[in-house]
Structures are given as structure tokens and as C-alpha cells.
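Fold and geometry: a report
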2 protein chains.
Amino acid sequence: MDFSGALQAWRQLLGNEHVLVDPTSLAQVQTATFATTQQVPAILQPATTTEVQACVRIANHYKTPLYPISRGKNWGYGSRVPVQDGCVVLDLGRMNRIVDYNEELAYVTVEPGVTQQQIYDFLHDQGSHLFLGMTGGPPDSSLIGNTLERGVGKGPYGERFAHVCGLEVVLPTGHCIHTGFGRFAQAKTTRLHRWGLGPAVDGLFTQSNLGIVTEMTFWLLPKARHLQVFAYAIHDVEKLPLLVDALRPLLQQGLIQTTFTINNDYRTFSYVQQYPWTEAIGQTPLPPSLRAHLRQKWDTGLWFGEGAIYAASAAQAHSVRTLIHEALAPLVDLLIFFDETMAALPREALQALIPGIDIDEALAWYSQHPQRGVPTQAALPMTYWRKTDPMPAQPDPERDRCGFLWCAPAIPFDGQEICAAVTLIEETVFAHGYEPSLALQCVSPRTIYITTAIVYDRTVAGEDARAQACHDDLLARLLQAGYVPYRLGIQSMGQLPPAQDDTVAFLQTLKQALDPNQILAPGRYTGS
Amino acid sequence: MDFSGALQAWRQLLGNEHVLVDPTSLAQVQTATFATTQQVPAILQPATTTEVQACVRIANHYKTPLYPISRGKNWGYGSRVPVQDGCVVLDLGRMNRIVDYNEELAYVTVEPGVTQQQIYDFLHDQGSHLFLGMTGGPPDSSLIGNTLERGVGKGPYGERFAHVCGLEVVLPTGHCIHTGFGRFAQAKTTRLHRWGLGPAVDGLFTQSNLGIVTEMTFWLLPKARHLQVFAYAIHDVEKLPLLVDALRPLLQQGLIQTTFTINNDYRTFSYVQQYPWTEAIGQTPLPPSLRAHLRQKWDTGLWFGEGAIYAASAAQAHSVRTLIHEALAPLVDLLIFFDETMAALPREALQALIPGIDIDEALAWYSQHPQRGVPTQAALPMTYWRKTDPMPAQPDPERDRCGFLWCAPAIPFDGQEICAAVTLIEETVFAHGYEPSLALQCVSPRTIYITTAIVYDRTVAGEDARAQACHDDLLARLLQAGYVPYRLGIQSMGQLPPAQDDTVAFLQTLKQALDPNQILAPGRYTGS
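Keep in mind the model is a prediction, meaning the values are calculated, not measured.

For the rest of this paragraph, the subject is the overall build of chain A. Secondary structure assignment for chain A yields 15 helices and 19 strands. Scaling as 2.2 N^0.38, a compact globule of 528 residues should have a C-alpha radius of gyration of about 24 Å, and chain A matches this with 23 Å. On the principal axes, the C-alpha backbone points of chain A span a range of 70 × 55 × 50 Å. Of all 528 residues assigned to chain A, the portion counted as buried reaches 63%. Long-range contacts, defined here as pairs at least 24 residues apart, represent 72% of the contacts in chain A between residues at least 6 apart. Accessible surface computed for chain A: about 18,100 Å², of which carbon and sulfur atoms make up 53%.

Rendered as C-alpha cells:
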């Protein structure tokens, strides 16, 4: 490795202003929402695919490893911090162009720096009748970055990676490829078709260190002419398996086409308030009596779920609503549907329909619902849950030393399995002194991700280590039970159980063939 | 290469009875539905994944190339014939176990020898409420084989490869991997989740020569409680772009959730009769007057399409039907919906509803509709279209020297593009003296495959060469226009235009890394 030679070459390529080595910038990318020790010697900010290729070639020449980030908002999984020490961060944030957009065929093609808010604003400005489902992540997070981690948004295309195509990828050698039909300059279906001709390789570049994705096409959906959103809650833990088993057939039959979440009470609390330090007299985790009190205060169930019906007519919306109502009403403690007819009612009439519900909140919830593709900051406060200072006007969890760790196992969409996993998670997280903040992220009729947040305050001495121990214990127990996470934090890449087959050697063969100098994001996912 | 050494080792492994070298067997696998010259020195018939691994290791040791087939029904694309001369055929037909099945989570796990009919019968015997969408291919074709070529079935999971997971793959070195979560012995979501953790690699093994898939899980759908099937026709070519542009929003909005086809008149004729040699006085291609006559005789439009509504209640079915009717009725010349209420009517009442339609045919069409997951032989007669002898009771297109070539470009789901492609195909195929037998296979809201069949009689001197020239001319013109096929025949692997990027070198790097001795299906898709 010849770092100073590489630095000189990168400066010549990008200009001094796009090769950052100042302590402030470096400290930022070295900071996650949990403890890390990795040092970053420099940050590169290329503006084009050609510059990315040149950066990569320099890295190969001088054997200096690179770690690409898009917007770096991978909170709870490592933010911008490289898996291994000594990697130069390749910040793709300047590549923020919306490259293509087609209203009839319903797609948008973007670079890695394009954010959720940016695409929402763009479609709004175009007067588009289309939408893209957003994640619960921050509005200024990258669409491509999230999708490459196989993140989940709202809406019928919520499983984002299943609804994209046409990746442009810079390989670790600096070569450039286009997935699907994109290798053929004249192909008319590059942004319309996923597989192309020959091996379908785009999956290779998700959760991996085999390439740098510099462009991706996202498919869009028409806004529903008749959108119904609905919410439901249960108060008793006994009802959870019944609820899960009642939802599964609704997804199988396509009556619920969107991804959706069911939050437990801790998760709900952390959206709307910080830890009640005063009432708890400083004690953690949250005492049961206080938990019950907060549940009453916020009028939330033990589990609170949502969903949406995307219908093209009032009759279709009504027919689907009837079926969902029939399936859920007998077993839930609350079930509310909200549609445009209700939104148009006089306030008194609406209040009569939904007694006890805050009208303004309900109307705002309906008109700005995440199921419409509206980016939301609603989840951001949860990172400040255990802080004693209030969340500032310009929140920044890394700067403010919010402690935040995700662990998100994939569980069969089955009531008994979900309950077993929830019990395992609750017991483990409680035992370590934290609140098990859970959401059941229903991504398909077959799998639910339980996104588990371990939230703490990094300014409290010892908490970094205690929270990480909790996370690692939880991960180990989940793995042992067969509940493998759908995604990993940078600290957990080496914590997987051994494979029963030759997969690890296979991935290492791919890595060695595509990245002979091991310059791209070493240690990230592929085991080398 | 040491073929005799390899043969001895394979015989020791599999027994003499599963290493075929008799001329009859070899002649069969050397015969496609078009001219080929490749010789096959032997056929291996392993019964287990372990035997497949051992076969592959022997092939590596003796440097003898293998060409895997499942059921070998890749008609029109090369059947069982290897891309290159001298390959030993690895026939996986004996691996025909249904490995797993789950009614609640809705999946079935199978080996490569499992056929469409087998899975239909299995689900029927289980009293399952689930179905798997079938292709138009023969009932005894392989599910895995078709899916690896990214074939298209009916139903909401019609794009088969998007709805499978958990591949078991024997690599060209004999190593074995499991995609998704399958590498972890204890994982509970191996058959429920597509991507797993880390790079998603299953796409690598489709349309490729990078591995031998020995197991795959297919996701199943619940049978619709209220199934409506519908059909529509247009008589004028001017209406085709209007029809395509009216269908697209129906797919985008999820009102039509299934894949479906729109057949031109030639395609329809070839389902129900052979070439009218007598009326045509031996002349080809079909004279326009005779074409018009046949269209009247069979009461089919210029284009005849189908579709289905999978509903969970009569009200839902009705609401969706209303929307589809509103969109299509103003521009088509025929539009018929058929549901269980109609099927239950007295014959006279039903006939009054659908005047001019054969009641028995309509009832049979509804109860055995391919959109229900019923395998069909309906398309098989098209391979005998240009034969002068009638199709025998036990049809076998290869044995009977049916000439049959597919060319299936991917076209944007756009009326103007579809018309331009149809015109290009019609002009080219006519110019070579064949009937352009077309189906618009609508696989997504963004792409239509135009499956073009060139049908001829291999027993007529010169026809093999003329038909291939037609195919190759068509392929070249389609490529030039930007309409790249979604799939290739064995004869066309070298006919692609150059890539604009480094994709070919990238695929060759993968191939070299995974198959250093180049023993697996050389020449198939990856350009090496």
C-alpha cells in the first residue's frame, strides 16, 4: 500500500476540494450510532461514473482500499464507517442527478446521491401521477444505498430490490458494466426489464463488496385513485399469533398488496416521546407500571399495525375493505379504515365516525401517509429515546451521540414462529437492560422482518459496550433459533454461523476473481 | 480430454444402465426441432445431488464437457442438444422428487425432473387450495428447466423466476451451494425468502453455464375463490396500439395481476388446424384470401387476447371487472367475461348471454383454464402446423421432424413500439415464406415478449436452411431495432451485438473463476 501516492493521484483527478483529509470531515465518517474504532485516512468525492472508475484504478495501483457510501445514512448498521480500518471513504453524494424519468412506462433512473425527498419533490414538480414508496429512514437518505442493502419501503413495490433494474456498476478493477439489457447500447428495454439476456447479475451487487453501483432505475406505481389506509391494534399478547395468521391469507390473495409494519408499544412510545426519566426516577429499563401508563397515555395497543388498499374505484376499495374487515375485526381491539369520503366529511360527522380519535391527526395521517410515498421524519425521534436532552431542531444522531443498533431477523410469516421470535427478543433485550423496540415488517406473504432497535445514550459511560453486548447476544440467540437477519451491521460481518455447504468458498472465489487486489470494502458481507 | 477414462469412471459411479451410449438414445438427444450437427458421446443419468457432484468431478478430472438438461423440452430453442459439439448430456430426469410442500406458507420444493403435470397432480392429490401457474409448454416439461431459462407461466406468479427461491446448485467444480438463507443449516426461511444474507446469487444460474440447479422452491398462490376469465379480440390492425396502451394502466394499477397472451390469427389457426395444403394448392406462405377465410371459419379476430381476475369475493370480482370493461370495451370488437355464476346458469340462459359462442367449449375453457394452473396440450399442435401428416396420438415434434424455431424479443409495453416490432417481424417472416405466428406475452406493466414461432416441415429439402435463415435475419433486424430477445436458442449464442461496456469480459471472468476447466455447457450464454 502506498497511501501518499494514491492521495496525490486522487487529488490530481478530483481536485483538492474533493479529497477531504481535514479532521472534522474524517471524524464525521468515523462516527456511527455505536462504538467503532476504524480510522479513515481520506474521503473522495467523485462527481461522475468516469471519476469513480478512475478512483478505483488508482486504488488498485496503490493497493489502497475504498469504502463506498451513497448518503451514508445507514443508521444502526454502521452509518459511513468502513467495516475495516484504514479504508478511504468513496462518497458518492455529489452524484445526485435524476438521469431519466418516464411517466407512461413509470420509472425513474437515478444516481447514488439522489435522496428520498429529492425524488418525492421531483415527481411532485412534474405533476406526476406516480409515486415511489419511501422507507422509514430519513428523507435525505439515498434510494440506491438503501436498495443495495435490500431495505424495505412502503407500497406494493415496498420490497425495493425486487422492483428495480438497469444497474450501472463500476467493478473493483475499474471496469464498468450494465445489468439487464443495458450492455446493448441500442436496447429499448434497459429500464423496463430486470433480467436481460444471459445470467442475471444485479443481485451480486447487493449486500456485497463486488461493485459500486452508480446508477439504478426504480419502477414507480400510479397513485391510487381511491386510497384507503387502515390501522388496527391488539391489547393482549395472546392475539398476536391470531393476527399474524389472519394477515397471511390477505397477503397471499393480494388483498393487501403493500408492505406494512406492526409496531409494539415501545416502538410507538419512542416515536412520540423520549424516555420518561423523571417518572422512572432514572431507572432503566422502563418499569412495567410506567409502560402500562404510557400505553394508556398514547392510547396505543400492545401492537399497533397499519395497512393500505390501493384501489381504482370506490367499489373496488369497498369490496377489499369488506374482506379485510371480515378477517381482522373478530380478533383485534381496534380497526379503523380511512378514505377520501371520510376525509371530505364535516368535522362533526367525521368525529362521530371515529370517536376518541383526534380529527386533525387523523386527517394529517391520511393526507401525508407514508403509503402515499411521502417521506417522513416520524421515526427519527426514536434514535433520541434514551437521551436526556430533547431532540434538537436539526437532529443528527451521530453528532448527538445517540446510541442505536439494529438487529432484524427474517421470520416465517406464521403466528407461532413470530411469537417465539418476539419472546426470544424481548427476554434477551430486557435481560440486558433495554426496551425491546420492535416492528414486524411484513415484506411478503412468507416472511416478516422483526426490526429490533436497541437504543441508548452513548454519552453514558459503559453503555456502548453494554448495548453492543446486548446486540451480539441477541444476534447469537436468533441465529441459533434459525432466525437469520436479513441485513447486517458493520460490526457483525464475522459473527455468522458456519455454512453447511461451499457458499463461503464460492463467495471468496467471486471476490478474488472480481477484486484481485481486495480494494473494495474489504470485510463487507462476502467473507473476505 | 480423456473420454474413455471418464466413461469408465461414470459407469463405476452410476452403473452401466445410467450411462447411455446406444445410438438410439444418442440420436434422440442430438435432435432438435431445427438442424443441428452437434454429436453427443454419452448420456449420464444421476439420481441424486451427490451423484451430480461426482459426475462433475469426473468431468473435471478428464476434461470432458457436460451439458445438463432437466426434461429436455426446450423446443424451438434447441431441445436437448448441447451448444457445442462433443458434450456429454447430463440428464437430470431421474431426479424427480417433490422434496417439500407447505400448504400454509404456500410453497413446493422440487428437483429438476419434476414436471408441470406432476406438480398439478400432486397438489390435486393433496386436496391443496393452492396452484402453480403453468407455461404453454408440454405438461411433461420441467419446472426448473423452464424457470432457469426465465420462462413465463400463467397467473400472478407467471414471471416464474421472480417467485422462486432456495436454489441448490452444483458448481462446475463439483462444490455445492444453497442460495438465499439455505447455506445456514438451521435457517427457517430458506424456502420463504429470496435474497438471504449477503450477495443474492441465484440470478447467476439462470440463462447461464455457471452451475447445475438440483433443487428449487416454487411459491404457490391460493386458488381464487372467485375467478373470472375474460377474452377480447380486435379485427383491425389500427386498434392494436390502442389496446396495448389501454392494457398497460390496468397492469400498473394491479387490476390485471396475471401474465397473459394476445395471439395473432396465425397463432390461433395453428392451435386448431394444420396448414390448409389443399385449399392453398400447396402454396406457401398462406395466401391473404385463405387467411381471411380461416379467420372467419374460426371466428377469431386479428388479435385475440385473454386475461383473468383473481378475486376473493363476488363484489371484488365485479368491481375489477367493471374497471377492465370500461377500459377495453370502447376499443375492442369482442369482450367476454366468464365467471362461476355464468357457469352455473341453465344452458339456455348462458347461451342467451353469449350468443354465437359454443357453450361446451366455453364451459370447458372456464373450468380447465390455464389461468387456474391446469397444464395444457393446447399449444402442441402448432409444431405440426406445416406438416402434411396429421399430428399423431403420441406427438413428438423432434421424432416427427417438425420444424420449429422461436425468436422472442422483449419490447416496451407501448402501443407504438409493439406495432413497430410486429410490423418488422411480419415483414421479415413473410419475406422468407413463412407465416408470422405471434403472441404478445404480457409479463409486466413495462415489457411484452413477442414470442414469434417460425414453423416448417424438416422433411422438405432445403427447409432447415431456409427457416434458419429467416430466424437469423429476424434476430439481426430485431437487435438492430433495439428489441433484444429475452432468451436464446442454442444456435444464436454467438449472434449478439457487441456490448457497449465490459459485460462480456466480466462474464468471462466469472466463468473462468467458477469453471476453470470449462466443463459446464461451454458456449451457453456467458460467451465462453
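Moving on from the model shown.
Inspection of every chain in the model, using the stated rule, returns 45 salt bridges over all chains. The salt bridge involving Glu-417 of chain B is made with Lys-188 of chain A; its shortest N-O contact spans 3.4 Å. Of this pair, Glu-417 of chain B sits in helix 13 (residues 415-431) while Lys-188 of chain A is found in the loop between strand 9 (176-178) and strand 10 (212-219), placing the two residues in two different chains. Take Glu-417 of chain B: its relative accessible area is 19%, and that puts it in the buried class. Residue class for Lys-188 of chain A comes out partly exposed when judged on its relative accessible area of 37%. When the shortest N-O distance is used, the salt bridge between Lys-511 of chain A and Asp-515 of chain A registers 2.6 Å. Across the pair, exposure class does not vary: Lys-511 of chain A and Asp-515 of chain A are buried alike. A network of salt bridges, in which partner residues are shared, links Asp-100, Arg-191 and Glu-215 of chain A.

Let us look at the interface of chain B and chain A. Facing the 93 residues of chain B at the interface are 93 residues of chain A. In this assembly, chain B packs against chain A so that about 7,600 Å² is buried in total across both faces, 62% of it on carbon and sulfur atoms. Area buried by chain B at its contact with chain A is led by Arg-183, Trp-195 and Arg-446 of chain B, which between them contribute 11% of it. The interface formed by chain B and chain A includes two salt bridges. Scanning the region where chain B abuts chain A turns up 44 residue pairs in polar contact (both at pLDDT 80 or more). Among the secondary structure elements, those contributing two or more residues to the side of chain B that touches chain A are strand 9 (176-178), strand 11 (221-222), helix 6 (239-252), helix 9 (314-328), strand 17 (410-412), strand 19 (447-457), helix 14 (463-480) and helix 15 (503-514) of chain B.

This part covers the relation of the copies chain B and chain A. Mapping chain B onto chain A leaves a residual RMSD of 0.0 Å; the transformation is a rotation of 180° accompanied by 0.0 Å of translation along its axis. Accordingly, the operation relating the two chain copies is best matched by a two-fold axis. Mapped onto chain A, 100% of the interface residues of chain B again fall at the interface, so both copies present the same surface.

So, on to unusual backbone geometry. Residue and element names in this part refer to chain A. Residue Thr-284 is joined to Pro-285 through a cis peptide bond whose omega torsion reads -10°. Relative to the helices and strands, Pro-285 resides in the loop between helix 7 (265-272) and helix 8 (288-297). Even without being glycine, Arg-150 reaches a positive phi, approximately 60°. Looking at where Arg-150 falls in the secondary structure, it is placed in the loop between helix 5 (143-148) and strand 8 (164-170). Take Arg-150: its relative accessible area is 3%, and that puts it in the buried class.

As a further point, take the sheet that holds strand 10 (residues 212-219) of chain B. Note on sheets: strands pair through backbone hydrogen bonds, and any given pair is parallel or antiparallel. All names here are of chain B. The strand order across the open sheet built from five strands is 5-6-10-8-9, with neighbouring strands paired in antiparallel fashion. Looking at strand neighbours, the two that pair on one side only are strand 5 (98-102) and strand 9, the edges of this open sheet. Taking the axes of each pair of neighbouring strands and ignoring which way they run, one obtains an average angle of 10° across the sheet. Those strands touched by helix 3 (residues 49-62) are strand 8 (164-170), strand 9 and strand 10, and its axis lies near 45° from that of strand 8. In the packing of helix 4 (residues 116-125) onto the sheet, contacts are made with strand 5 and strand 6 (107-110), and the angle to strand 5 comes to roughly 45°.

Trp-10, Tyr-232, Leu-247, Leu-328 and Ile-450 of chain A are the most contacted members of the largest nonpolar core, which totals 140 residues. Not counting residues up to four positions away in its chain, the partners in contact with Leu-328 of chain A are Phe-230, Tyr-232, Leu-243, Ala-246, Leu-247, Leu-250 and Leu-335 of chain A. Leu-240, Val-422, Leu-474 and Leu-478 of chain B belong to the second largest nonpolar core, which has 139 residues in total.

Moving on, we get to the domain arrangement of chain A. Residue and element names in this part refer to chain A. The domain architecture assigned to chain A consists of domain 1 (3-91), domain 2 (105-117 + 129-222) and domain 3 (226-490). The junction of domain 2 with domain 3 conceals about 1,600 Å² of combined surface from both sides, 56% of it contributed by carbon and sulfur atoms. Sorting the residues of domain 2 by area buried against domain 3 places Val-152, Lys-154 and Pro-156 first, and these three jointly supply 34% of that buried surface. At the boundary of domain 2 with domain 3, the tally comes to two salt bridges. Residue Glu-306 is joined to Lys-154 by a salt bridge in which the shortest nitrogen-to-oxygen separation is 2.6 Å. Taken together, the residues of the side of domain 2 that touches domain 3 sort by class into six nonpolar, 12 polar and four charged.

Scoring rules and cut-offs
Residues numbered from 1 in each chain as written. Chains lettered and ligands numbered in written order. Predicted model: local features only at pLDDT ≥ 70, side-chain atom pairs only at ≥ 80, totals over all residues. Heavy atoms only, no water. Helix = DSSP H or I, 4+ residues; strand = E, 2+ residues; numbered from the N terminus. Rg over C-alpha atoms; globule rule 2.2 N^0.38 Å. Buried < 20%, exposed > 50% of the residue type's maximum accessible area, 1.4 Å probe, protein only. Contact = heavy atoms within 4.5 Å. Areas by Shrake-Rupley, 256 points an atom, 1.4 Å probe, with all protein chains shown as cover. Salt bridge = Lys/Arg side-chain N within 4 Å of Asp/Glu carboxyl O. Buried area = accessible area lost by both parts, 1.4 Å probe. Polar contact = N/O pair within 3.5 Å; in protein donor to acceptor, adjacent residues only side chain to side chain. Least-squares fit on C-alpha atoms with pLDDT ≥ 70 in both. Pairing = 2+ DSSP bridges. Axes fitted to C-alpha atoms, helices over the stretch in contact; angles between N-to-C directions. Core = buried A, V, L, I, M, F, W, Y, C linked by side-chain atoms within 4.5 Å. Domains from an automatic or database assignment. Nonpolar A, V, L, I, M, F, W, Y, C, P; charged D, E, K, R; others polar.

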